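Structure assessment
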Amino acid sequence: MYFVSNRPGGLGGYDIWKSTLKDDGYWDVPKNLGPEINTAYDEHTPFIHPDGKTLYFSSDGWPGLGNKDIFLSRLEGSGHWGKPENMGYPINTFNEETGLIVTPDGTEGLFSSNLKGDLAIWTFIGLKCLKIKNHFPLLT
């Protein structure tokens, strides 16, 4: 399980942590993903792809286009996370983008953005994100 917390032992405001469910039904001690992923600022909305090797998350600490951008990092053979890659435009904008989830085949996804002033859910189709559509505003 990947989650966000500002618990002691982190690197910044909110960090991404991982805990694994053990055979006895208890969770192991959470481990901070470290400076490969976390910054002195805030990381949010971790999503581990079904491939188990691709982590999507939002951050306002890594270089980006706006308030929070969506990044991806791939688990390398060494067991370390690769340098986070900004998903770029048109997914990321000068506003806040968070909460990306991707289908198992990687061809479609959903994320939230406040591009038009209100937080809304957007979709993309295709790895190049050629088509982005606002499906519906989030209800508050």
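What comes next is a walk through the structure.

What counts as what
- Residues numbered from 1 in each chain as written.
- Predicted model: local features only at pLDDT ≥ 70, side-chain atom pairs only at ≥ 80, totals over all residues.
- Heavy atoms only, no water.
- Salt bridge = Lys/Arg side-chain N within 4 Å of Asp/Glu carboxyl O.
- Buried < 20%, exposed > 50% of the residue type's maximum accessible area, 1.4 Å probe, protein only.
- Helix = DSSP H or I, 4+ residues; strand = E, 2+ residues; numbered from the N terminus.
- Pairing = 2+ DSSP bridges.

This paragraph deals with the pattern of salt bridges. Evaluation of the coordinates by the stated rule reveals two salt bridges. With a closest N to O distance of 3.9 Å, K31 and D28 form a salt bridge. Look at K31 and you get exposed, because its relative accessible area is 51%. E85 is paired through a salt bridge with R74; the nearest N and O atoms lie 3.9 Å apart. Highlighted residues: E85 in strand 7 (residues 85-86) and R74 in strand 6 (residues 69-74), separated in sequence by eleven residues. Look at E85 and you get partly exposed, because its relative accessible area is 41%. A residue is classified by how much of its surface remains accessible, and R74, at 43% relative accessible area, is partly exposed.

If you walk across this open sheet you meet the four strands as 4-5-6-7, and the pairing is antiparallel. With one partner strand each, in any of the chains shown, strand 4 (43-48) and strand 7 form the two edges of the open sheet.

Let's shift gears to unusual backbone geometry. Here Y89 and P90 are connected by a cis peptide whose omega angle stands at 15 degrees. Inspection of the secondary structure puts P90 in the loop between strand 7 and strand 8 (97-102). A positive phi is found at T45, a non-glycine position, where the angle reads about 45 degrees. Tracing the backbone shows T45 in strand 4.

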